[in-house]
Amino acid sequence: MNKIFIVGIVASGKTTLAKQLSEQLRIPWYELDAIAHHRTESGRSKRTAEEQLQIIMDIDRNGSWILEGTDRDSYQFLYQMAEKIIFVDTPLKVRRWRIVSRFLKQKLGLEPCHYKPDLHMLRMMFKWTSDFERNKTAFEAKLQEHGDKVVRCSETKKKRPNGFAAP
C-alpha cells in the first residue's frame, strides 16, 4: 500500500487514522481540506479545482501518499488513483459528540484548527453530517464500485495494536 485515500465525514477520525498510518508506514499524509483551503495574508482562501488537482498530482509524482478528507466532487479521481480506500465509518452519535467537543476545545484554544471556530462553522458541521447520513446509500454504492480496494474502518472501544478498530 503506497497510495491510500482515507474518506469519511466530519469528526469520523480520518485525521487520527491518517497520522497513525503515516507513522507506521512511513508515508507522508496530507489533509485535503488544507489543499482545498490555504492560508493567505488576508485569511483562508479556497483554491480552484484545477489548483487542487495540480497539488495532488505533484504529491502523486513524489510516490507514496496518504490523502484524507471528505467525499467532494472535485476528488472523485482519488478513488481510481488510490491503491487502498479506507472508509472511516464512525457511529453518528460519536461524530456528533466529537463535533461539539472539538468546537469547545478550539474555542478554548486547546486544539488548533485551520478555520474560524464560530457558530456558523459548528452549524455547518452538523449540516454536513446530516447531509452525509441522508445520502449514505449513494456513497456506499460508489464504494462498491471499487471492490477489494475498499476497507471499512468502524471504531469500537477495543483497538488493535496497528491502530485499526476491531471488527
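Scroll up to find the structure this text is about.
Here goes a summary of the coordinates provided.

The rules behind each value
Residues numbered from 1 in each chain as written. Predicted model: local features only at pLDDT ≥ 70, side-chain atom pairs only at ≥ 80, totals over all residues. Heavy atoms only, no water. Helix = DSSP H or I, 4+ residues; strand = E, 2+ residues; numbered from the N terminus. Buried < 20%, exposed > 50% of the residue type's maximum accessible area, 1.4 Å probe, protein only. Polar contact = N/O pair within 3.5 Å; in protein donor to acceptor, adjacent residues only side chain to side chain. Contact = heavy atoms within 4.5 Å. Pairing = 2+ DSSP bridges.

On the secondary structure map, Met-124 appears in helix H6 (residues 119-134). Look at Met-124 and you get partly exposed, because its relative accessible area is 23%. Along the backbone, Met-124 and Leu-25 are 99 residues apart, and their C-alpha atoms lie at a distance of 33 Å.

For the rest of this paragraph, the subject is the side chain of Gln-52. For Gln-52, the position within the fold is in helix H3 (residues 49-61). Looking at Gln-52, the relative accessible area reads 3%, which means it is buried. For Gln-52, the side chain forms a polar contact with the main-chain oxygen of Arg-47, separated by 2.9 Å. Discounting residues that sit within four places of it in the chain, Gln-52 has contacts with Ile-35, Ala-36, Lys-46, Arg-47, Ser-74 and Tyr-75.

This paragraph deals with the pairing of strand S1 (residues 3-7). In terms of burial, S1 is largely enclosed, as 5 of its 5 residues are buried. In S1, alternate side chains face the same way, and those of Lys-3, Phe-5 and Val-7 on one face and Ile-4 and Ile-6 on the other are all buried. The pairing of S1 with strand S5 (residues 65-69) spans 5 bridges and is classified as parallel. Residue pairing in the sheet places Ile-6 in a bridge with Glu-68 of S5.

The subject of this paragraph is the environment of Asn-135. Looking at where Asn-135 falls in the secondary structure, it is placed in the loop between H6 and helix H7 (136-144). Considered as a pair, Asn-135 and Ile-59 are 76 residues apart in the sequence and their alpha carbons are 30 Å apart.

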